[in-house]
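Summary of the model geometry
Residue strings, one per chain:
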Number of protein chains: 2
Amino acid sequence: MTDTRTRTTPTATDPELACPVSPVVDIVFSRWTTPILWTLHTHGRQRFVELERRIARITPKVLTQRLRQLERDGLVVRTYHPEVPPRVEYEISALGRSLAPLFAHLAEWAAENLTKVERARDAYDADDTNGSR
Amino acid sequence: MTDTRTRTTPTATDPELACPVSPVVDIVFSRWTTPILWTLHTHGRQRFVELERRIARITPKVLTQRLRQLERDGLVVRTYHPEVPPRVEYEISALGRSLAPLFAHLAEWAAENLTKVERARDAYDADDTNGSR
DNA sequence: CGGGATCCACTACGATACTG
DNA sequence: CAGTATCGTAGTGGATCCCG
């Protein structure tokens, strides 16, 4: 993703944003965020380790980073229980839940068109003229 | 993004894909792809330089890379006219056009909720306990 | 348990040339 | 015009160790 705090140009004036969907992409579709949101959405409120186990291959460091980002953006709520051992729970916020129909739409497109993309790739790779251009 | 051609794990077996929207993200929402698709969609078939000028700040090298990827995935059609000087035109394919309602949905979510995200960020940054954790 | 701190590796990206 | 080539860099992710 592009870290909003260190980005040189503010979001509003970035010329690339003649495209109105770009800002959403930065927020919702940076790496690991969709698996995190999806897991949170389908399994409800859960602890750090549960997320870590369910998402598989994600390292705790990255999981923490992404959860912080999502918390900062108001898509996820973090609850800290000062116990021994400590317990932290994550859940989707109302704002995060508002993404649900979008994700459903996305999943639907995937179901219908993902095979077409793969066929296009195979066709492209099989064409000699593409390799030697 | 993750370059599809050099990725070690094939898409189908990647454990991260308990989330059905991840593969779509790799294809459609990698960096620069949404501005490219958006420009192609709103201005129709156009040449390399036109894209380059309209997207602003993108370098020809990166534009080429992304266009190749989109062409390989079947979302964009490239037409080469062997003339002097050479002329190349890009346009959205039928598959690419099938993303239009998705993009509209995305733009709608942005219009409604982007300010909420920014307010959440301000609130998070203003909270001292977040900085000194 | 839920991280933070540190070090390292990769590579995508940007800038600057240069060509058919 | 439409790229390719080369170089340099910075942002991320992985691995490891450690702490409250």
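Criteria and cut-off values
Within every chain, residues take consecutive numbers counted from 1 along the sequence as written. Here the convention is simple: chains get letters from A, ligands get numbers from 1, in the order in which they are written. Selection of residues for local features in this predicted model requires a pLDDT of at least 70, selection of side-chain atom pairs for listing and counting requires 80 or more, and totals for whole chains, interfaces and linings are taken over all residues. Note that water and hydrogens are dropped before the side-chain values are worked out from all heavy atoms of the structure. UniProt positions are given in the numbering used here, feature names are shortened, and annotations may be inferred rather than shown by experiment. What counts as a helix is a DSSP run of H or I of at least four residues, what counts as a strand is a run of E of at least two, and both are numbered from the N terminus. Stacked, edge-to-face and tilted are the three classes for Phe, Tyr and Trp ring pairs, Trp counted by its six-membered ring, which pair at centre distances within 6.5 Å; planes under 30 degrees apart are stacked, over 60 edge-to-face, the rest tilted. Burial status follows relative accessibility: with a 1.4 Å probe on protein chains alone, a residue under 20% of its type maximum counts as buried, one over 50% as exposed, and anything between as partly exposed.

Brief notes about the UniProt feature "domain: HTH hxlR-type" (unreviewed entry) in chain A
With numbering matched to this structure, UniProt assigns "domain: HTH hxlR-type" (unreviewed entry) to residues 19-118 of chain A. Note that residues 19-118 of chain A is 62% helix and 14% strand, and that its end C-alpha atoms are spaced 27 Å apart.

Focus on the packing of aromatic side chains
Counted by the stated rule, this structure contains 3 aromatic pairs over all chains. Taken together, a centroid distance of 4.3 Å and an interplanar angle of 0° make the contact between Phe29 of chain A and Phe29 of chain B stacked. Of this pair, Phe29 of chain A sits in the loop between α1 (22-28) and α2 (33-43) while Phe29 of chain B sits in the loop between α1 (22-28) and α2 (33-43), each in a different chain. The burial state of Phe29 of chain A is the same as that of Phe29 of chain B; both residues are buried. Ring geometry for Phe29 of chain B versus Phe103 of chain B: centroids 6.3 Å apart, planes at 20°, classification stacked. Taken as a pair, Phe29 of chain B in the loop between α1 and α2 and Phe103 of chain B in helix α6 (residues 100-126) lie far apart in primary sequence, 74 residues in all. As far as burial versus exposure is concerned, Phe29 of chain B and Phe103 of chain B are alike and both buried. Each member of the aromatic cluster is reached from another via a ring pair, and the members are Phe29 and Phe103 of chain A together with Phe29 and Phe103 of chain B.

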